[in-house]
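Descriptive structure summary
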Amino acid sequence: MAAPLAPRPHVMVLPFPAQGHVMPLMELSHRLVHHGLQVVFVNTDFNHGRVLQALAAETGGGGGDAVLPDGIHMVSFPDGMGPDGDRTDIAMLADGLPAAMLGPLQEMIRSRKTRWVIADVSMSWALDLADPAAGVRVALFSTFSAAAFALRLHVPTLIEQGILDECGNVTRNETIRLSPKMPPIEAAEIPWASLSSSPERRKVIIQNLLKTNPAIQQADTVICNTFEAIESEALAMVPHALPVGPLEAAAASRSAGQFWPEDPACLPWLDAQARGSVVYVAFGSFTVFDAARFQELAGGLELTGRPFLWVVRPNFTAGVGEDWFEAFRRRVEGKGLVVGWAPQQRVLSHPAVACFLTHCGWNSTMEGVRHGVPLLCWPYFADQFCNQSYVCNVWRNGVKLCADERGVMTKEEIRSKVARLMGDEETRVRAAVWKDAACASIAEGGSSRLNLLKLVDLLTEQ
Ligand code: UDX
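What you see is a predicted model, and the numbers here were worked out from it, not measured in a lab. (Residues numbered from 1 in each chain as written. Predicted model: local features only at pLDDT ≥ 70, side-chain atom pairs only at ≥ 80, totals over all residues.)

Brief notes about the sheet that holds strand S1 (residues 10-14)
- Taken together, the seven strands give an open sheet; going across it, the order is S3-S2-S1-S4-S5-S8-S9, and neighbouring strands pair in parallel fashion. Two strands in the sheet have a free side with no partner beyond their single neighbour: strand S3 (73-77) and strand S9 (241-243). Pairs of neighbouring strands in the sheet enclose a mean axial angle of 25 degrees, with direction left out of account.
- In this structure, strand S5 (residues 137-142) lies alongside strand S8 (residues 222-224), joined through three bridges in parallel fashion. (Pairing = 2+ DSSP bridges. Helix = DSSP H or I, 4+ residues; strand = E, 2+ residues; numbered from the N terminus. Axes fitted to C-alpha atoms, helices over the stretch in contact; angles between N-to-C directions.)

Shown next as structure tokens:
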């Protein structure tokens, strides 16, 4: 008689409740399931509802089904905020999560006999879920570049050197470069110090970082959405880093972690455009533009005279009159397509796309690299300045937009940089070289593929 099959090891995946965190952790989860693990994916109630609603809007089905076709079990818990809480205030959201989630998560780990938790680095309090006596271990996952991570670990040294104070204020402005292949960055643009313009909030963020850094450095494994060839020096500065990126969506399918439904018009519209002609414009899930910036960007895209695909999320801007926007859409009809949310990875892999105007969120940056699309950088906050610096100063697969003396990113600047990037053969070639390196890392025998297998071994070892 055949021996009974061993139960599939059980992993709980815990992202920070924001789109740029839920998506890469969901991609990782799909891969783990593919390799035979059982995954329970934990969202906050608020985001769980959004994910199910977005899925239902695309499939026409009802919401509520929380088991994905590949078997990932999606569960949710309250985030500690009331129904009308401002979840765009990341620091406030982060503050309430441990008290709201730790107890219910411990209970779930017990009841499901979970052996591993993969927790977002931005949820580092989840390291407390480790329980050696019960055989529960925690691995961390970073949604940032290894360079931004290394900078985070370097903050205590910056404070010792008098570049930052313990409240996250810049006390001496200086360009920081941790090694030659890492991006130079101004002290004022250090992620975490630039996360909030409010001094009180910044203080809370920096204090929290100083408190959690030692535990993070002790973590067994830090899974990173990056790859060896592009960040070797930075990776060497992150203890126990395991780069498995770039994590990408399976070619024909959609990730289940999206908060908004994808507009189905994008791909047919791209099919109708000439090869290498389209400017793709998207600012991730969090960036917000005021009316003046929004109108300047719209004017700039119009001025380029090129076809563009522009993602304007429902919460991307406030204050732009519906009449103004409608008139803009009519003017650019046939030339530009404006959508609420796009299948970004499939858009970037489309041969019609020539360049990507991006806020340099790390996921978008990696996706641009993976598909060899030259980047036009317009960072908004946090790690995005560091990512821009990588693109413009180290990898040189893109250029940045520069504000004028009033601090305005003008429509003329947008027009001129798009034109420059479109005609820049050297940047295009460098983008193609990075694409090849990214593809090699995730192909059979590539470093990220091998690291993923190492991770699977670790999660399944008895
Ligand atoms: C944030 C930070 O910016 C990022 O640097 C951090 O590491 C994670 O959290 P976000 O600002 O949303 O994320 O940007 P980004 O990291 O680029 O993630 C956005 C994700 O949404 C990308 O995976 C992108 O493919 C996806 N997206 C965006 C879509 O699928 N469709 C869209 O229309 C726009």
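Now that the structure has been shown, we can carry on.
Focus: the sheet that holds strand S13 (residues 353-358)
- The parallel open sheet is built from six strands, whose spatial order is S12-S11-S10-S13-S14-S15. Edge positions in the sheet fall to strand S12 (336-339) and strand S15 (398-400), since each has one partner strand and no second. Taking each pair of neighbouring strands and ignoring which way they run, the sheet shows an average axis angle of 15 degrees.
- Here three bridges tie strand S14 (residues 375-377) to S15, and the two strands are oriented parallel to one another.

Focus on the packing of helix H8 (residues 291-304) against helix H13 (residues 411-422)
- Where H8 meets H13, the closest approach of the two axes is 7 Å, and the angle between their N-to-C directions is 40 degrees. Regarding the angle of H8 to H13, the classification is oblique. When you trace H8 past H13, the crossing you get is right-handed. Where H8 approaches H13, its residues Glu-296, Leu-297, Gly-299, Gly-300, Leu-301, Leu-303 and Thr-304 are matched on the opposing element by Lys-411, Ile-414, Arg-415 and Val-418.
- Here the contact of H8 with H13 is composed, by residue class, of five nonpolar, three polar and three charged. (Parallel < 35°, antiparallel > 145°, perpendicular 65-115°, else oblique. Left-handed = near helix turned anticlockwise from the far one by under 90°. Contact = placed C-beta atoms within 7 Å. Nonpolar A, V, L, I, M, F, W, Y, C, P; charged D, E, K, R; others polar.)

A short note on the confidence of the model for the protein
- Confidence in the prediction of the protein, expressed as mean pLDDT, is 93, and 96% of residues score 70 or more.
- The ipTM assigned to the predicted complex is 0.99, against a pTM of 0.96. (pLDDT = per-residue confidence, 0-100.)

Let's talk about the site of the ligand
- As a structural note, the neighbourhood of the ligand is formed by 24 residues, with Gly-20, Gly-284, Gln-344, Gly-361 and Ser-364 the closest of them.
- A per-class count over the shell around the ligand returns nine nonpolar, 13 polar and two charged.
- In this structure, the shell around the ligand is formed jointly by two domains, domain 1 (10-250) and domain 2 (266-439), each of which donates at least three residues. (Near = placed C-beta within 6 Å. Domains from an automatic or database assignment.)

A few points about the domain arrangement of the protein
- When cut into domains, the protein gives domain 1 (10-250) and domain 2 (266-439).
- For domain 1 and domain 2, the distance between their C-alpha centroids amounts to 26 Å.
- Between domain 1 and domain 2, the contact holds 28 residues from the first and 25 residues from the second.
- Listing elements by their share of the side of domain 1 that touches domain 2, those giving two or more residues are helix H1 (19-34), helix H4 (146-160) and helix H6 (228-235).
- Residue contributions to the side of domain 1 that touches domain 2 peak at four residues, all from H1.
- When the residues that make up the side of domain 1 that touches domain 2 are grouped by side-chain class, the tally is 17 nonpolar, eight polar and three charged.

Notes on helix H12 (residues 384-395)
- Across the twelve residues that make up H12, a large majority, nine, are buried.
- Of the residues making up H12, those classed as buried are Gln-384, Phe-385, Cys-386, Asn-387, Gln-388, Ser-389, Tyr-390, Val-391 and Trp-395.
- In the segment just after H12, Arg-396 is the residue with positive phi, at about 55 degrees. (Buried ≥ 20, exposed ≤ 12 C-beta atoms within 10 Å, placed from the backbone.)

Focus: the pairing of strand S10 (residues 278-282)
- Across the five residues of S10, five count as buried, placing the element largely inside the fold.
- By the alternation rule, side chains of S10 split into Val-278, Tyr-280 and Ala-282 and Val-279 and Val-281, which are all buried.
- In this structure, S10 lies alongside S13, joined through five bridges in parallel fashion. Bridging from a neighbouring strand, Val-278 pairs with Val-353 of S13.

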